[in-house]
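Structure at a glance
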Amino acid sequence: MKKLPALTLLAIFAAACHGEDKPSPIGYEDTPIIPGTEWRVHDIKRPAPPVVAPGKTNASAPADAVVIFDGGSTDALVSKDGKPCPWKVENGELLIAGGDCWTKEQFASCQLHIEWMSAPETKGNSQKKGNAGVFFMDRYESQMLDCYNNPTYADGVTGCIYGQTPPLVNAVRPAGEWQTYDIIFTAPKLKDGKVVEPAYVTTFVNGVCVQVHTKIMGPTKHKNITNYDGEFPEKAPVRLQDHKNDPPVRVRNYWVRPLP
């Protein structure tokens, strides 16, 4: 094979280096249309996603979240009939005692983060030990329970859709340690107040995925089946349940991000 002259090799190398410095395209106008959309693949005209500053940690609320409780005020919560939240704040933690409480703000589809802890000495067993719950739209419960070495029914374990679908795994930590919920709730679709597509939920417990876009069969109930009969609102508050634990369940880092 004939060897290339040194000057030719140098020119090729320089051209390659120059190519590396060339700016990469930020989009295209000659690519195929993505099926079902108005946009081309890598479309230069497609609007960029809005910028949202994340929290300093994964527990911290991002810039576009509604902070429900971050260690100080309970002003974002109300008790029954719109009365002020009766729950006490102790060492930057919220004690769930005094009845259920609701967010003042209403939500449909959303991302929710909350951390909770029950004490090892909490009285009771099964559903009467370290029990609370997050009710999306005031009607669809993701169970919170001390179910570490505490047998109970499968559709009542932390991470379940209460009374409907057990979690894929039981991922709770021992009582006395903080538990973390990260939940994506997809609100039901409505037509004239009637549900035409059910709600769904994707749930992480302590970083472990336990529900994957799981269909919610209807408002969660105790010892009964459910459906979507009747009329439903487009938005509603998130409710935290007080299950009369002794001592009370504690909560921190509670925030909600509305989703489209």
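Residues numbered from 1 in each chain as written. Predicted model: local features only at pLDDT ≥ 70, side-chain atom pairs only at ≥ 80, totals over all residues. Heavy atoms only, no water.

Right, let's get into the overall build of the protein. Along the backbone of the protein there are 1 helix and 15 strands. Considering only C-alpha atoms, the protein reaches an extent of 85 × 45 × 35 Å along its principal axes. A burial count over the protein gives 43% of its 260 residues as buried. (Helix = DSSP H or I, 4+ residues; strand = E, 2+ residues; numbered from the N terminus. Buried < 20%, exposed > 50% of the residue type's maximum accessible area, 1.4 Å probe, protein only.)

With 5 of 6 residues buried, strand S12 (residues 200-205) lies mostly within the body of the structure. The pairing of strand S9 (residues 179-186) with S12 spans 6 bridges and is antiparallel. Note that in S12 the partner of Ile 184 across the bridge is Thr 202. Strand direction decides the pairing type here: S12 and strand S13 (residues 208-215), joined by 5 bridges, are antiparallel. (Pairing = 2+ DSSP bridges.)

This brings us to the pattern of salt bridges. By the definition in use, this model includes 11 salt bridges. With a shortest N-O distance of 3.1 Å, Asp 246 and Lys 123 are connected by a salt bridge. Note that Asp 246 is positioned in the loop between strand S14 (239-240) and strand S15 (250-258) and Lys 123 in the loop between strand S6 (110-117) and strand S7 (132-136), a separation of 123 residues in sequence. The class of Asp 246 is partly exposed, set by a relative accessible area of 41%. One salt bridge in this structure joins Asp 146 and Lys 129, with 2.5 Å as the shortest N-O distance. Taken together, the residues Asp 146 in the loop between strand S8 (140-144) and S9 and Lys 129 in the loop between S6 and S7 connect sequence positions 17 residues apart. (Salt bridge = Lys/Arg side-chain N within 4 Å of Asp/Glu carboxyl O.)

Taken residue by residue, the protein gives an average pLDDT of 93. The fraction at 70 or more is 92%. Between residues 7-15, whose pLDDT stays under 50, and residues either more than four places distant or in other chains, the model counts 2 contacts. (pLDDT = per-residue confidence, 0-100. Contact = heavy atoms within 4.5 Å.)

Within soluble globular proteins, side chains that are nonpolar generally end up buried alongside one another. Core analysis: the largest hydrophobic core is formed by 42 residues, its most contacted members being Val 134, Phe 185, Leu 240 and Tyr 254. Put simply, the parts of the chain that give this core at least two residues each are strand S1 (66-69), S6, S7, S8, S9, S12 and S15. With 4 residues, S6 is the single largest residue contributor to this core. Setting aside residues up to four positions removed in sequence, Tyr 254 forms contacts with Val 67, Ile 68, Phe 69, Leu 77, Thr 103, Leu 112, His 113, Ile 114, Val 238 and Leu 240. (Core = buried A, V, L, I, M, F, W, Y, C linked by side-chain atoms within 4.5 Å.)

Once that is clear, we can look at the sheet that holds S14. Ordered by their spatial adjacency, 5 strands build an open sheet running S2-S5-S14-S7-S8, and the pairing between neighbours is antiparallel. In this open sheet, the two edge strands, each paired with only one partner strand, are strand S2 (77-78) and S8. Note that S7 and S8 share 5 bridges and pair antiparallel. Its bridge partner being in S8, Phe 135 is matched across the sheet by Glu 141.

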